[in-house]
Amino acid sequence: MADLLTHLLVPYILLTVVSWCGDWLDQRWIVVGMGGAAIPDLVKIEIVLEERTVESILGFPFSYDPLSTLGGVLLLAGIIAVAFERRHWRRVFGFVTFGGLTSLLLDGMRVYADGRASAWLYPFTNWRPPTPSLYVSSDPTVLVVALLAAGTVAVIDRRIQAGN
C-alpha cells in the first residue's frame, strides 16, 4: 500500500543515494524532501475536517482534491519555502517539490479501474495519463519493498558515514 510511510521512504532512498555523490546534500535537505512527499496526502485531512466545514468558515467553495496535484504541490512548496531563511528559498522549494513529485508518481502507478491515473498534472492540464497498474493501493508489498530498500540504504549510508 502506497501510504504516507511509503511516500516518505521513497525520497529518503533517492536523496540519500544522491548524497553519496557529494557534500552538497546533507541529512537536513533529505528531511525537507521527505516532508514534501507528505503534501499529496494532505487530502486525508478531510477525515478530520470536512470540506463543508471549511466552506462554511471561508464562505466560498472549497476542496482538498487539488492538494494531490502538481499545482497543489507547487503552491504548498512555495508556502513552505518562505518559512525558511530567504537564502534557502530555492533549495527548499526544489526539495519539497521533489518529494511531492515522488509521491504523485508513486500514486500514478496504482491500478485504476479505467487504466488512467488521476489528473495529477492539474492545473496545467486535466489529462489523466495512463497508468502502468503496478499495484493495488491496498497491497502491502509496496510498503515492504520500500522498507527493505530504505533499511538497506540506511545501513550503507551509516557505513559510508563511519568511513569518513
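The structure displayed is predicted, hence computed values, not measured ones.

> Just checking my understanding: could you explain the overall build of the chain for this structure?
Each helix and strand in the chain was counted, giving six helices and zero strands. When the elements of the chain are put in sequence order from the N terminus, they spell out α-α-α-α-α-α. Taken along the three principal axes of its C-alpha coordinates, the chain extends 55 × 40 × 30 Å. Across the 164 residues of the chain, 36% fall into the buried class. Pairs at least 24 apart in sequence give 62% of the contacts found in the chain among residues at least 6 apart. Of note, the chain has its 12 positive side-chain charges centred 8 Å away from the centre of its 14 negative side-chain charges.

> Can you help me understand the packing of aromatic side chains in this one?
Each aromatic ring pair is characterised by the separation of its centres together with the angle its planes make. Following the criterion strictly, the structure yields two aromatic pairs and no others. The interplanar angle of 20° and the centroid separation of 5.9 Å between the aromatic rings of tryptophan 29 and phenylalanine 95 together place this pair among those described as stacked. Residue tryptophan 29 is located in helix 2 (residues 27-36), and its partner phenylalanine 95 is located in helix 5 (residues 89-107); the two are separated by 66 residues in the primary sequence. The pair tryptophan 29 / phenylalanine 95 is uniform in exposure class, with both members buried. Relative to tyrosine 64, the ring of phenylalanine 62 has its centre 5.0 Å away and its plane inclined at 85°; by these criteria the two rings are edge-to-face. Taking relative accessible area as the criterion, phenylalanine 62 reaches 25% and is therefore assigned partly exposed.

> Where do I start with unusual backbone geometry in this structure?
Apart from glycine, the bulk of residues carry a negative phi angle, and the bulk of peptide bonds sit in the trans form. A cis amide bond, omega 10°, links tyrosine 122 with the succeeding residue proline 123. The residue serine 133 is not glycine, and still its phi comes out positive at about 50°.

> Sorry if this is basic, but what is going on with a nonpolar patch on the surface here?
Together, Leu42, Ile45, Ile47, Val48 and Leu49 make up a nonpolar patch on the protein surface, roughly 470 Å² of accessible area in all. Within the element layout of this structure, isoleucine 47 appears in the loop between helix 2 and helix 3 (51-58). Given a relative accessible area of 73%, isoleucine 47 falls into the exposed group.

> Hey, could you run me through the packing of helix 1 (residues 4-19) against helix 5 in this one?
The angle between the axes and the distance between the axes are what describe a pair of packed helices. Axis separation between helix 1 and helix 5 bottoms out at 9 Å; the angle between their running directions is 120°. Classified by the interaxial angle, the pair formed by helix 1 and helix 5 is oblique. Our pair here, helix 1 against helix 5, has a crossing hand that is right-handed. Taking contact as the criterion, the partners of Thr6, His7, Val10, Pro11, Leu14 and Leu15 in helix 1 are, on helix 5, Phe95, Phe98, Gly99, Thr102, Ser103, Leu106 and Asp107.

> What exactly am I supposed to notice about the packing of helix 1 against helix 2 here?
It is the contact of helix 1 with helix 2, at a shortest axis distance of 8 Å, that shows an interaxial angle of 150°. On the basis of their axis angle, the class for helix 1 and helix 2 is roughly antiparallel. Once helix 1 is placed against helix 2, the crossing between them reads as right-handed. Counting all contacts with helix 1, which are made through Leu8, Pro11, Tyr12, Leu15, Thr16 and Ser19, the residues of helix 2 involved are Gln27, Trp29, Ile30, Gly33 and Met34. Among the residues forming the contact of helix 1 with helix 2, the class breakdown is seven nonpolar, four polar and no charged.

> Where do I start with the environment of leucine 67 in this structure?
Take leucine 67: it is sitting in the loop between helix 3 and helix 4 (70-81). A sequence separation of 77 residues divides leucine 67 from valine 144, and the C-alpha atoms of the two residues are 26 Å apart. Not counting the four nearest positions on each side in its chain, leucine 67 is found in contact with Ile39, Pro40, Leu42, Val43, Gly72, Val73 and Leu76.

What counts as what
- Residues numbered from 1 in each chain as written.
- Predicted model: local features only at pLDDT ≥ 70, side-chain atom pairs only at ≥ 80, totals over all residues.
- Heavy atoms only, no water.
- Helix = DSSP H or I, 4+ residues; strand = E, 2+ residues; numbered from the N terminus.
- Buried < 20%, exposed > 50% of the residue type's maximum accessible area, 1.4 Å probe, protein only.
- Contact = heavy atoms within 4.5 Å.
- Lys, Arg positive; Asp, Glu negative; His and termini not counted.
- Charge placed at Lys NZ, Arg CZ, Asp CG, Glu CD.
- Phe/Tyr/Trp six-rings, centres within 6.5 Å; stacked < 30°, edge-to-face > 60°.
- Patch = residues over 30% accessible without salt bridge, like charges linked within 9 Å, V, L, I, M, F, W, Y side chains within 5 Å.
- Areas by Shrake-Rupley, 256 points an atom, 1.4 Å probe, with all protein chains shown as cover.
- Salt bridge = Lys/Arg side-chain N within 4 Å of Asp/Glu carboxyl O.
- Axes fitted to C-alpha atoms, helices over the stretch in contact; angles between N-to-C directions.
- Parallel < 35°, antiparallel > 145°, perpendicular 65-115°, else oblique.
- Left-handed = near helix turned anticlockwise from the far one by under 90°.
- Nonpolar A, V, L, I, M, F, W, Y, C, P; charged D, E, K, R; others polar.

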